[in-house]
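Structural description and commentary
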Amino acid sequence: MWDGKWLYGFWMISRRHLKASAPIYGQYPGNYLDRIRSLFPDTERKRTLHLFKGSVEPEQGEQSVDIDARWQPTVVADVERGLPFSNATFDLIYADPPYSHADAEHYGHPMVDRKKVLREAHRVLVPGGTLVWLDTMRPMYRKQDWRQWGVIGVLAGTNCRVRAISLFARLP
């Protein structure tokens, strides 16, 4: 629901849309990307970046970053240590970091520092651009850097964690 200033809602996304042999633990649920992209109908005109790519298949022209080369991102990089992009390069960023230390261990990498990731996302996002953050918690953010304008709960099925999409606009 959109009230003119704030978007909020709850999505129940079926897991049946996933392939029987999901390529990665904790991947986006069902038709998540189709749903989130529907919020940005002019996405094909936006410069888009996927942080923590994993098994996501970016659309044509979208960039992707992952610390793990086996997922074949556009760029192999550690987001916390800096992205190889100029300031204000992207209009839209999707981020789906590991949710816990146990998740990060499962991926074979250390847990990310959400504050550092938010700082780097702020640097490469244009003022007014959108950060779509999927997580099991709302990340701590600096109000002078970000304006949160939405939240959508996401439930993928039974015995699954409830996640939330936090929508942020980059402030100048």
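Residues numbered from 1 in each chain as written. Predicted model: local features only at pLDDT ≥ 70, side-chain atom pairs only at ≥ 80, totals over all residues. Heavy atoms only, no water.

1. Some remarks on the overall build of the protein chain
- When its secondary structure is counted, the protein chain shows three helices and eight strands.
- From first element to last, N terminus to C terminus, the protein chain shows the α and β order β-α-β-β-β-β-α-α-β-β-β.
- Against the 2.2 N^0.38 benchmark of 16 Å for 172 residues, the protein chain shows a C-alpha radius of gyration of 15 Å, consistent with a compact globule.
- When the backbone C-alpha atoms are referred to their principal axes, the protein chain occupies close to 45 × 40 × 30 Å.
- Within the protein chain, the fraction of its 172 residues that count as buried is 48%.
- The long-range share in the protein chain, meaning contacts at least 24 apart out of those at least 6 apart in sequence, stands at 63%. (Helix = DSSP H or I, 4+ residues; strand = E, 2+ residues; numbered from the N terminus. Rg over C-alpha atoms; globule rule 2.2 N^0.38 Å. Buried < 20%, exposed > 50% of the residue type's maximum accessible area, 1.4 Å probe, protein only. Contact = heavy atoms within 4.5 Å.)

2. Here we look at the packing of aromatic side chains
- Per the counting criterion, the structure on display carries four aromatic pairs.
- Where Tyr141 meets Phe168, the ring centres are 4.9 Å apart and the plane angle is 65°; that geometry is what we call edge-to-face. Of this pair, Tyr141 sits in the loop between strand 6 (125-135) and strand 7 (146-155) while Phe168 sits in strand 8 (residues 163-170), placing them 27 residues apart in sequence. Phe168 shares its class with Tyr141; the two are buried. (Phe/Tyr/Trp six-rings, centres within 6.5 Å; stacked < 30°, edge-to-face > 60°.)

3. Focus: the nonpolar core
- Ranked by internal contacts, the top residues of the largest apolar core, which has 23 residues, are Leu49, Leu51, Val65, Leu83, Ile93 and Leu131.
- For this core, the elements supplying multiple residues, two or more each, are strand 2 (48-51), strand 5 (90-95), helix 3 (114-124) and strand 6.
- Residue contributions to this core peak at four residues, all from helix 3.
- Excluding residues that lie within four positions of it along the chain, Leu83 makes contacts with Leu49, Leu51, Val65, Ala77, Glu120, Arg123 and Val124. (Core = buried A, V, L, I, M, F, W, Y, C linked by side-chain atoms within 4.5 Å.)

4. Details of the sheet that holds strand 6
- In space, the eight strands of this open sheet follow the order 1-7-8-6-5-2-3-4, with mixed pairing throughout. Strand pairing shows two members of the sheet lacking a second neighbour, strand 1 (7-12) and strand 4 (75-76), which therefore form its edges.
- Bridge count between strand 1 and strand 7: six bridges; the pairing is parallel. Considered in strand 7, the bridge of Leu7 is made with Gly150.
- With respect to the sheet, helix 3 is in contact with strand 2, strand 5, strand 6, strand 7 and strand 8, its orientation differing from that of strand 6 by roughly 145°. (Pairing = 2+ DSSP bridges. Axes fitted to C-alpha atoms, helices over the stretch in contact; angles between N-to-C directions.)

5. Remarks on the confidence of the model for the protein chain
- Put simply, the protein chain has an average pLDDT of 90, and 92% of its residues get 70 or more.
- By mean pLDDT, helix 2 (residues 101-107) is the weakest element of the protein chain at 89, and helix 3 is the strongest at 98. (pLDDT = per-residue confidence, 0-100.)

6. A word on unusual backbone geometry
- Of note, the phi angle at Phe52 is positive, near 60°, even though the residue is not glycine.
- Judged by relative accessible area, Phe52 falls into the buried class, the value being 19%.
- Positive phi, normally seen in glycine, also occurs at Ala88, with a value near 55°.
- Looking at the element boundaries, Ala88 is found in the loop between strand 4 and strand 5.
- Overall, Ala88 belongs to the partly exposed group, its relative accessible area being 31%.

7. Re a nonpolar patch on the surface
- A cluster of nonpolar side chains, namely Phe10, Met12 and Val162, defines an oily patch on the protein surface of about 330 Å² accessible area.
- Mapped onto the secondary structure, Phe10 falls in strand 1. (Patch = residues over 30% accessible without salt bridge, like charges linked within 9 Å, V, L, I, M, F, W, Y side chains within 5 Å. Areas by Shrake-Rupley, 256 points an atom, 1.4 Å probe, with all protein chains shown as cover. Salt bridge = Lys/Arg side-chain N within 4 Å of Asp/Glu carboxyl O.)

8. Regarding the environment of Leu7
- Locating Leu7 in the fold gives a position in strand 1.
- Counting along the chain gives 135 residues from Leu7 to Arg142, while the straight-line C-alpha distance between them is 20 Å.

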